[in-house]
Amino acid sequence: MIGIIFYAYGAPKSKDDLPDFFAHLIQGKEVTIKMIGDFVKRYREFGSNDPLGAHSERIAQGLEKLLSNYPKDIKVYNAYKHTFPYLNETLKRMIEDGVDTVVTFSVNPIFSLSGAGVYQKEVEDFLNRSGENKKLIHIEKWNTHPAIISVYADRVRRAYKWLPAHVQDDAFVLFTVHSQPLYPEGNDDYIEQFQAMAQAVAREAGVSNWMMSYRSASSKVGWLGPDVKDTIRSLAAAGSRGFVTCELLSIVTDMESYFEIGRDTQLVSEELKVEFVRSEFPGDSFDTVIALAEIVKEQITKC
């Protein structure tokens, strides 16, 4: 049986889980009551249950349904870095279920050593320690796969058309990913993946005015930039009257990206009196799950 781990960084099930989730996120650092309060406040402002957990679970369910006719039995599992079910727990369950091929699949199309790389190494270390003779497949380099590019292009086109017609000619699509500390040998591949994906989405969406920018970069010296809010300010000063943000690091929204390329950039746009739209994340929609199933089939068939 093939077992696919669809993983993300965390999925709290209740507001009661948020303090422990936050403590796990910043483990090794001192946790203050104010820090926890600010963290919980952000979830309260979101006004709904955690989207990352909800969407990633439904994606896993959808993938298992769509892959049910594959020549070999397939079961899809969720695993998280900072909340239950943790990766090691999921791997133990997979072994108990009789999985002989382990497949890792990240919520992130763009690979980074600090993101998907951490999960992949943890899976490899677990299998080595356990002595389990399992085939291991890492699904990666799917950031420019035509199926997922088509999904993103749909989201960008819809957002762009939502702008008032009189600003569309000089509007910009701002593709974003999370910033990283500057480290040339480590940044090069990350930036190349980002650029390739942004170019592919813009081309498919028919957008000529676009730029790459970073979120979580504001006020961080020695991090990749420019920050998306600074990009909006500079382009608005040059005459652009409309902006669309599109996050490429994750197919599912999380609290950080939701606010940083949504509410935070909207406030800047309101201050500058320019139009703003945040494009939808692919999420757990049917077209997304179909695209992911296509990617899985191609990669596990080649191995």
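It should be noted that the structure appears before, not after, this text.
This report concerns the structure included in the present document.

The rules behind these values
- Residues numbered from 1 in each chain as written.
- Predicted model: local features only at pLDDT ≥ 70, side-chain atom pairs only at ≥ 80, totals over all residues.
- Heavy atoms only, no water.
- Salt bridge = Lys/Arg side-chain N within 4 Å of Asp/Glu carboxyl O.
- Helix = DSSP H or I, 4+ residues; strand = E, 2+ residues; numbered from the N terminus.
- Buried < 20%, exposed > 50% of the residue type's maximum accessible area, 1.4 Å probe, protein only.
- Pairing = 2+ DSSP bridges.
- Axes fitted to C-alpha atoms, helices over the stretch in contact; angles between N-to-C directions.
- Arc of directions from axis to C-beta.
- Polar contact = N/O pair within 3.5 Å; in protein donor to acceptor, adjacent residues only side chain to side chain.
- Contact = heavy atoms within 4.5 Å.

Re the pattern of salt bridges
What the rule picks out here adds up to 18 salt bridges. We note a salt bridge from aspartate 100 to lysine 72, for which the minimum N-O separation is 2.8 Å. Of this pair, aspartate 100 sits in the loop between α4 (87-96) and β3 (101-106) while lysine 72 sits in the loop between α3 (51-66) and β2 (74-80), and the two are 28 residues apart along the sequence. The shortest N-O distance in the salt bridge between aspartate 287 and arginine 155 comes to 2.8 Å. Placement of aspartate 287 in helix α11 (residues 286-302) and of arginine 155 in helix α6 (residues 146-162) is noted, with a sequence separation of 132 residues between them. Judged by relative accessible area, aspartate 287 falls into the partly exposed class, the value being 32%. Overall, the relative accessible area of 5% leaves arginine 155 in the buried class. Via salt bridges that share partners, Lys41, Glu45, Arg263 and Asp264 belong to a single interconnected network.

Structural notes on the sheet that holds β2
A sheet is described by the order of its strands in space; here 4 strands give the open sequence β2-β1-β3-β4, paired in parallel fashion. Strands at the two margins of the open sheet, each flanked by one partner only, are β2 and β4 (135-139). Each adjacent strand pair in this sheet contributes to an overall mean axis angle of 20°, direction not counted. Across 6 bridges, strand β1 (residues 2-8) lies against β3 in parallel orientation. Looking at β3, one finds that isoleucine 4 is bridged to valine 103.

Quick notes on α4
Of all the positions in α4, only Leu87, Thr90, Leu91 and Met94 are classed as buried. Mapping the buried residues of α4 onto a view down its axis gives an arc of 100°, with all of them on the same face. One or two steps after α4, the chain reaches glycine 98, where phi turns positive at roughly 90°.

Structural notes on the pairing of β3
With 6 of its 6 residues buried, β3 lies for the most part within the structure. Burial of the side chains of β3 extends over both faces: Thr101, Val103 and Phe105 are buried on one face and Val102, Thr104 and Ser106 on the other. Across 5 bridges, the pairing between β3 and β4 is parallel. Note that in β4 the partner of threonine 104 across the bridge is histidine 138.

Some thoughts on the side chain of serine 240
With respect to the secondary-structure elements, serine 240 resides in the loop between α9 (228-237) and β7 (242-247). Only 2.6 Å separates the side chain of serine 240 from the backbone oxygen of aspartate 170, close enough to count as a polar contact. With sequence-adjacent residues up to four places away left out, serine 240 is seen in contact with Asp170, Ala171, Phe172, Leu235 and Val274.

As for the sheet that holds strand β5 (residues 172-178)
What the 4 strands build is an open sheet, ordered β6-β5-β7-β8; its pairing is parallel. Where the open sheet ends on each side, the last strands, each with one partner, are β6 (210-215) and β8 (275-278). Shown here is a sheet whose adjacent strand axes are inclined to one another by a mean of 25°, direction ignored. Sheet contacts for helix α10 (residues 255-272): β5, β6, β7 and β8; angle to β8, the most-contacted strand, approximately 170°.

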